[in-house]
Amino acid sequence: MFFEWSVLTIVSLLAIFLFVKMFYFKSITVKEQRSNEMMKLTLQEAEILIRKYQIQLQRALGNVDILSEELTKLRNELKVLKQRNSKHRLETERLNSKIKALESRIDALL
């Protein structure tokens, strides 16, 4: 009788212990699942942000390419304008020297 009660008590305590342990591990599993779901959502949001910034970067790089091409064109135009300016200066100096020569001839004739 004592043996039966002790076995029944041990089995009952073991069943209660295992029951409590089952709920404990079940709650841990639920927390892990929630944590995994939150992590998945966070990763999806991060992927969306990365895609968004990649697109912005590609646009910016495209804009930089366009601006660098325009800058190259403007530099070439500036070189051409500098050459024209130097030609005009030389021509102006030449014409001024002719004017001075003609003025000196006129003064000599007077």
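The text that follows walks through the structure, step by step, so that each part is easy to find. Small disclaimer: the values here were computed from a predicted structure and weren't measured.

Rules used in this analysis
As a convention, each chain's residues are numbered from 1 in the sequence order in which they are written. Local features in this predicted model are restricted to residues whose pLDDT is 70 or higher, and side-chain atom pairs enter the listing and the counts only when it is 80 or higher, whereas totals over whole chains, interfaces and linings include all residues. The side-chain quantities take in all heavy atoms of the structure and omit both hydrogens and water. Runs of H or I in DSSP of at least four residues are treated as helices and runs of E of at least two as strands, each being numbered from the N terminus. Throughout, the radius of gyration refers to the C-alpha atoms, and the reference size of a globule is 2.2 Å times the residue count to the power 0.38. Three labels apply to residues, based on accessible area from a 1.4 Å probe with only protein chains included: buried if under 20% of the type maximum, exposed if over 50%, partly exposed otherwise in between. Charge counting treats Lys and Arg as positive and Asp and Glu as negative, with His and both chain ends excluded. Think of each charge as sitting on NZ of Lys, CZ of Arg, CG of Asp or CD of Glu. For Phe, Tyr and Trp, where Trp contributes only its six-membered ring, two rings pair if their centres lie within 6.5 Å, and the inter-plane angle classes them as stacked under 30 degrees, edge-to-face over 60, or tilted in between. Patches draw on residues past 30% relative accessible area with no salt bridge. Two like charges within 9 Å are joined, as are two nonpolar side chains (Val, Leu, Ile, Met, Phe, Trp, Tyr) within 5 Å. Surface exposure here means Shrake-Rupley accessible area, sampled with a 1.4 Å probe, where a residue is shielded only by the protein chains that are shown. Any Lys or Arg side-chain nitrogen located within 4 Å of an Asp or Glu carboxyl oxygen qualifies as a salt bridge.

## Section: the overall build of the protein
Here's step 1: Tallying secondary structure elements over the protein gives one helix and zero strands in all.
Here's step 2: Relative to the 2.2 N^0.38 estimate, which gives 13 Å for 110 residues, the radius of gyration of the protein is 46 Å and therefore markedly larger than a compact globule would have.
Here's step 3: By principal-axis analysis of the C-alpha atoms, the protein measures approximately 155 × 15 × 15 Å.
Here's step 4: When the 110 residues of the protein are sorted by exposure, 0% land in the buried category.
Here's step 5: One way to put it: in the protein the 19 positive side-chain charges average out to a point 3 Å from where the 13 negative ones average out.

## A closer look at the packing of aromatic side chains
Here's step 1: Summed over all chains, the structure comprises two aromatic pairs.
Here's step 2: For the ring pair Phe19 and Phe23, a centre distance of 4.7 Å and an interplane angle of 85 degrees mean the geometry is edge-to-face. With a gap of four residues between them, Phe19 and Phe23 both fall in helix α1 (residues 2-109), about one helical turn apart.
Here's step 3: With a relative accessible area of 40%, Phe23 lands in the partly exposed category.
Here's step 4: With 5.4 Å between their ring centres and 65 degrees between their planes, Tyr24 and Phe25 make a pair best called edge-to-face.
Here's step 5: The exposure class assigned to Phe25 is partly exposed, which follows from its relative accessible area of 44%.

## Comments concerning a nonpolar patch on the surface
Here's step 1: A cluster of nonpolar side chains, contributed by Met1, Trp5 and Leu8, occupies part of the molecular surface with about 400 Å² of accessible area.
Here's step 2: Along the chain, the position of Leu8 falls in helix α1.
Here's step 3: Classification of Leu8 by relative accessible area gives partly exposed; the value is 48%.

## What about the pattern of salt bridges?
Here's step 1: All told, the structure shown has one salt bridge when counted by the stated rule.
Here's step 2: Arg51 serves as the salt-bridge partner of Glu47, at 3.8 Å between the closest nitrogen and oxygen. One end of the pair, Glu47, and the other, Arg51, are both in helix α1, four residues apart, so they sit about a helical turn from each other.
Here's step 3: Residue Glu47 is classed as partly exposed on the basis of its relative accessible area of 43%.

## Quick notes on the environment of Lys79
Here's step 1: Considering the arrangement of structural elements, one finds Lys79 in helix α1.
Here's step 2: In sequence terms Lys79 and Ala46 are 33 residues apart; their C-alpha atoms lie 48 Å from each other.

## A short note on the environment of Ile99
Here's step 1: With respect to the helices, strands and loops of the structure, Ile99 is situated in helix α1.
Here's step 2: Judged by its relative accessible area of 44%, Ile99 falls in the partly exposed class.
Here's step 3: Note: C-alpha distance between Ile99 and Met1 (98 residues apart in sequence) is 142 Å.

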